[in-house]
Amino acid sequence: MAKCSSNFPPSSSSPALMPDSLKPFQTLTGIQQLAESHKFKGWLLDQFGVLHDGKKPYPGAISTLEKLANYGAKMVIISHSSRRACTTLEKLKSLGFDPSLFVGAITSGELTHQHLQRRDDPWFAALGKSCIHMTWKDRGAISLEGLGLQVVENVEEAEFILAHGTEALGLSSGAATPMKLGDLEKVLEECAAKSIPMVVANPDFVTVEARDLPVMPGTLAAKYEKLGGKVKWMGKPDKIIYKAAAEMAAIDPSQCVAIGDSLHHDIKGANAAGISSAFITGGIHATELGLDTFGEIADDSSVVALALRHDAYPSYVLPSFNW
């Protein structure tokens, strides 16, 4: 087996079928080889685009988790869901997954809730209590119970923005009024003029949902940064979520592998945290990689070019989360 290089070769010279000696990652058809190597004790798993598409499990995902558990793997879900960790595990159970296979779950929503509640971090300690709340409508609003926050509708009264969703604006009554993305962006313009910070509880730009790519709160956060606003990104690619997951599994990061379908979030975040990573090509990058069917194997040179574009470098590449 060729030793994996730490640097990607120039994409312009990458052939369609790249020799193993030049590949900066190891291409796998499934994770059986990794499991049998016992190289990793901790498995940090993204959910959307890896385990399921929001509507149903991917073929082989459930049985693969069961086989991994038989090898003694300690598995933690690390997700950009803006909801609490318990909600994520309930969602997985409703899709047919066995929650007992996981040590637990770390979500961006959970991290956001904990930091807003504790306020032991200087950045959060400096936030006020009144906020503009961008949330969900069709997906169900996010509860702020126990945080002592006051949701306001007037930007002039707001001390920060809390972005959980992209479909609605929270009301002081606890309800939410549906709002188009363009209208939410106009609210951001008002907030930027006032120079108030934003906390984004889901850094994803888009997510996989039955092969569609709905817009996520990370898109609002990126827009706000372009407007000159300050944003606290609660999740990948920041290493905060990987550190929390490794601590939950009680495994040193050097013995963990992160598996995800987003180069910018999952793989780049693993790079920042010093954790090995496996890139699932059949997720949000499937169209960019020219993949039309589930389980189709991506061209090595296409993966290299895309990884270079995102400045994110996986240790392993495989078409889907299967055995």
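Residues numbered from 1 in each chain as written. Predicted model: local features only at pLDDT ≥ 70, side-chain atom pairs only at ≥ 80, totals over all residues. Heavy atoms only, no water.

### Section: the packing of helix α4 (residues 108-118) against helix α8 (residues 240-249)
Then, in step 1: In the contact formed by α4 and α8, the axes pass within 11 Å of each other and the chain directions differ by 90°. Taken together, the axes of α4 and α8 lie roughly perpendicular to each other. Contacts between α4 and α8 involve Ser 108, Leu 111 and His 115 from the former and Ile 240, Ile 241 and Ala 244 from the latter.
Then, in step 2: Looking at the contact of α4 with α8 residue by residue, the class counts come to four nonpolar, two polar and no charged. (Axes fitted to C-alpha atoms, helices over the stretch in contact; angles between N-to-C directions. Helix = DSSP H or I, 4+ residues; strand = E, 2+ residues; numbered from the N terminus. Parallel < 35°, antiparallel > 145°, perpendicular 65-115°, else oblique. Contact = heavy atoms within 4.5 Å. Nonpolar A, V, L, I, M, F, W, Y, C, P; charged D, E, K, R; others polar.)

### Brief notes about the environment of Asp 53
Then, in step 1: Checked against the element boundaries, Asp 53 lands in the loop between β2 (42-45) and α2 (61-70).
Then, in step 2: It is 8.6 Å that separates the C-alpha atoms of Asp 53 and Gly 283, two residues lying 230 residues apart in sequence.
Then, in step 3: Here the side chain of Asp 53 touches Lys 55 through a polar contact of 2.9 Å, landing on its backbone nitrogen.
Then, in step 4: At 2.9 Å, the side chain of Asp 53 forms a polar contact with the backbone nitrogen of Lys 56. (Polar contact = N/O pair within 3.5 Å; in protein donor to acceptor, adjacent residues only side chain to side chain.)

### Let's talk about a negative patch on the surface
Then, in step 1: Among the surface-exposed residues, Glu 153, Glu 156, Glu 157, Glu 189 and Glu 190 lie close enough to one another that they form a single negatively charged patch.
Then, in step 2: Mapping Glu 189 onto the fold places it in helix α6 (residues 181-194). (Patch = residues over 30% accessible without salt bridge, like charges linked within 9 Å, V, L, I, M, F, W, Y side chains within 5 Å. Areas by Shrake-Rupley, 256 points an atom, 1.4 Å probe, with all protein chains shown as cover. Salt bridge = Lys/Arg side-chain N within 4 Å of Asp/Glu carboxyl O. Lys, Arg positive; Asp, Glu negative; His and termini not counted. Charge placed at Lys NZ, Arg CZ, Asp CG, Glu CD.)

### A word on the pattern of salt bridges
Then, in step 1: A full pass over the atoms with the stated rule returns six salt bridges.
Then, in step 2: With a shortest N-O distance of 2.6 Å, Asp 266 and Lys 236 are connected by a salt bridge. Here Asp 266 is found in helix α9 (residues 263-273), whereas its partner Lys 236 is found in the loop between β11 (231-233) and α8, with 30 residues between them in sequence. Note on accessibility: Asp 266 and Lys 236 belong to one class, buried. (Buried < 20%, exposed > 50% of the residue type's maximum accessible area, 1.4 Å probe, protein only.)

### Observations regarding the pairing of strand β4 (residues 102-107)
Then, in step 1: Burial runs high along β4: five of the six residues are buried.
Then, in step 2: Bridging between strand β3 (residues 74-79) and β4 involves five bridges; their strand directions are parallel. Counterpart to Ile 78 in the pairing with β4 is Ile 106.
Then, in step 3: You can see the chain leave β3, run along helix α3 (residues 85-94) and come back into β4, and the turn it takes is right-handed. (Pairing = 2+ DSSP bridges. Right-handed = clockwise from strand over helix to strand, strands pointing away.)

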